[in-house]
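Fold and geometry: a report
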Amino acid sequence: MRTVWLSMLALLLCVACSSPQNPVGEALSYVGSEETIADTMLFKQASVFTFEATDESLIGRIERIAKLEGNYYVLDRQTNRVLVFDNEGRYLRTIGRIGGGEGEYVSLRDMAIDTYDQKIWLIFLPTVKEIAPYCYSRGSVFAPSRDHILYARRFDDNIYQLADGKIEATTPVEWNELRFPDSEKDKQWECSDLNKFCWNGKHVYSLTDMRENDSLMLFRTNLFGSFVLYKQKNQIVRYGSIEQSDLHIPLPNYQPVEGEDGEVFFVYPAHRLEELNAMLKKRGTLLPESYARLFSTLDSEANPLIFRYTLK
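Only a predicted model underlies this, so the values are computations on that prediction, with no experimental measurement involved.

Reading the values: the criteria
- Each chain has its residues counted from 1, running along the sequence as written.
- Local features in this predicted model are restricted to residues of pLDDT 70 or higher, and side-chain atom pairs are both shown and tallied only at a pLDDT of 80 or more, whereas totals for entire chains, interfaces and linings draw on every residue.
- Hydrogens and waters are ignored; side-chain quantities use all the structure's heavy atoms.
- Note on exposure labels: buried denotes an accessible area under 20% of the residue type's maximum, exposed denotes more than 50%, and partly exposed covers the range between, all computed with a 1.4 Å probe on protein chains only.
- Here a helix means four or more residues in a row that DSSP labels H or I, a strand means two or more in a row labelled E, and each is numbered from the N terminus.
- Between any two strands, at least two bridges found by DSSP are needed for them to pair.
- Side-chain atoms within 4.5 Å are what join buried Ala, Val, Leu, Ile, Met, Phe, Trp, Tyr and Cys residues into a set we call a nonpolar core.
- By the convention used here, residues are in contact when the closest approach between their heavy atoms is within 4.5 Å.
- Our working definition of a disulfide is a cysteine sulfur pair at a distance within 2.5 Å.
- Put simply, a salt bridge is a Lys or Arg side-chain nitrogen that is within 4 Å of an Asp or Glu carboxyl oxygen.
- This arc is built from the directions going out from the helix axis to the C-beta atoms.

1. Considerations on the pairing of strand 14 (residues 148-151)
With burial as the criterion, each face of strand 14 is covered, one bearing H148 and L150 and the other bearing I149 and Y151. One ladder, built from four bridges, connects strand 13 (residues 142-145) with strand 14; its direction is antiparallel. Residue pairing for strand 14: S145 is matched across the bridge by H148. Hairpin connection between strand 13 and strand 14: a loop of two residues separates the two successive antiparallel strands, and R146 in this loop has a positive phi of roughly 55°. Two strands pair when backbone bridges link them, and strand 14 and strand 15 (residues 158-163) are joined in this way by three bridges, in the antiparallel orientation. When the bridges of strand 15 are listed, Y151 appears paired with Y160. Following strand 14, the chain reverses through six residues before pairing antiparallel with strand 15; F155 in that reversal takes a positive phi of roughly 60°.

This is the structure in structure tokens:
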């Protein structure tokens, strides 16, 4: 039975003493960056909606989204709640609440959908020296994908494919000019220093929020922008922005939806909706009817605007 877990992922990673012998996939190569790409080049089934905003369902900051049996489970890190909405965005219920009684919790850190019959995975990987123990990249390092799980860890230029209780394949990533220098792995980093160093030098040390199909993989790193792997060529391109083709605006805040349907959300925060409306009016953008109806109901007190896609 599939269930929603509101604490630790049912997946344990053990960085241990020995490395298994694993088949190695063909290397992926970073080939450069481009300023922008149209959403229609990457996605299909585009739609726009918002989660219903009531006194009980206002969202502060979306940390994670999962989909199960047609409903969305939204982890709001600002209010420490999991809100449940249907496929059209209508509010259904809230799971638990802050407190000390039965069914209550003090703090909510993460959630995940269990689609693996509550299996516990013990994966042994060669040890990577921890050079930034208190720095964490936002996003998930695990990505369920059909019959396997993808996993990537910081300061490790590999993507691991986990299946049947073992590491099924290891695919190296050649970051070329974006590679984090080996010479800088011999010291302990403070978060601010690490991020400044990587931003100035354009170095990648993390890979998160992978979403893939047979031809593409979309993911992000500690650097700004969206990264796309084109599988036919085994090439990775970094895009400064993805343009929404109906409105001709850059899509913000990439958020993969875990669970069913392989969806990808781009989340436009409520406090920027008035700014967006003003920009579109000034530009004289003629909105499609579905957009016009939705935009007429939104203000800075609304829940975020969601651009919903699936990969081509």
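Picking up where we left off.
2. What to know about the nonpolar core
Where a protein is soluble and globular, its nonpolar side chains tend to be buried together. Membership of the largest hydrophobic core comes to 30 residues, with the highest contact counts inside it found for F43, F266, F295, L305 and F307. Among the secondary structure elements, those contributing two or more residues to this core are strand 4 (43-50), strand 18 (216-221), strand 20 (235-244), strand 23 (263-268), helix 2 (273-283), helix 3 (289-295) and strand 24 (305-311). Tallying contributions element by element places strand 24 first for this core, with four residues. Here L305 is in contact with V48, F49, T50, F266, V267, Y268, L273, L276, L294, F295 and L298, once residues within four sequence places are set aside.

3. Description of the state of the cysteines
Across all of its chains, the model carries one disulfide by this definition. Residue pairing for C135: its cysteine sulfur links by disulfide to C191, the two sulfurs lying 2.1 Å apart. The sign of the -120° torsion about the S-S bond sets the C135-C191 disulfide as left-handed. Of this pair, C135 sits in the loop between strand 12 (122-126) and strand 13 while C191 sits in helix 1 (residues 191-201), and the two are 56 residues apart along the sequence. A relative accessible area of 3% means that C135 is categorised as buried. By relative accessible area, which is 27% here, C191 ends up partly exposed.

4. Let's talk about the environment of P133
Locating P133 in the fold gives a position in the loop between strand 12 and strand 13. Separated by 58 residues in sequence, P133 and C191 have C-alpha atoms that sit 9.0 Å apart.

5. With respect to the side chain of D209
With respect to the secondary-structure elements, D209 resides in strand 17 (residues 207-212). Residue D209 is classed as buried on the basis of its relative accessible area, which comes to 4%. Apart from residues no more than four positions distant in its own chain, D209 is found in contact with R138, G139, S140, L218, F219, R220, Y254 and P256.

6. Some details on the pattern of salt bridges
Under the defined criterion, the tally for this structure stands at 16 salt bridges. Its salt-bridge partner being E258, residue R64 comes within 2.8 Å of it at the nearest N-O pair. One end of the pair, R64, is in strand 5 (residues 62-68); the other, E258, is in strand 22 (residues 254-259), with 194 residues separating them in the sequence. For E130, the salt bridge goes to R154, with nearest N and O atoms at 2.9 Å. Taken as a pair, E130 in the loop between strand 12 and strand 13 and R154 in the loop between strand 14 and strand 15 lie far apart in primary sequence, 24 residues in all. E130 sits in the partly exposed class, given a relative accessible area of 39%.

7. Comments concerning helix 2
The periodicity of an α-helix, 3.6 residues per turn, causes residues three or four positions apart to be oriented the same way. Buried within helix 2 are the following residues: L273, L276, N277 and L280. For helix 2, the buried positions fall inside an angular range of 100° around the axis, keeping them on one side. Looking one or two residues beyond helix 2, the residue adopting positive phi is G284, at roughly 75°.

8. Digging into unusual backbone geometry
Despite not being glycine, N80 shows a phi value in the positive range, around 60°. Within the secondary structure layout, N80 lies in the loop between strand 6 (71-76) and strand 7 (81-85). A positive phi angle, near 50°, is found at N176, a position not held by glycine. Within the secondary structure, N176 is located in the loop between strand 16 (166-174) and helix 1.

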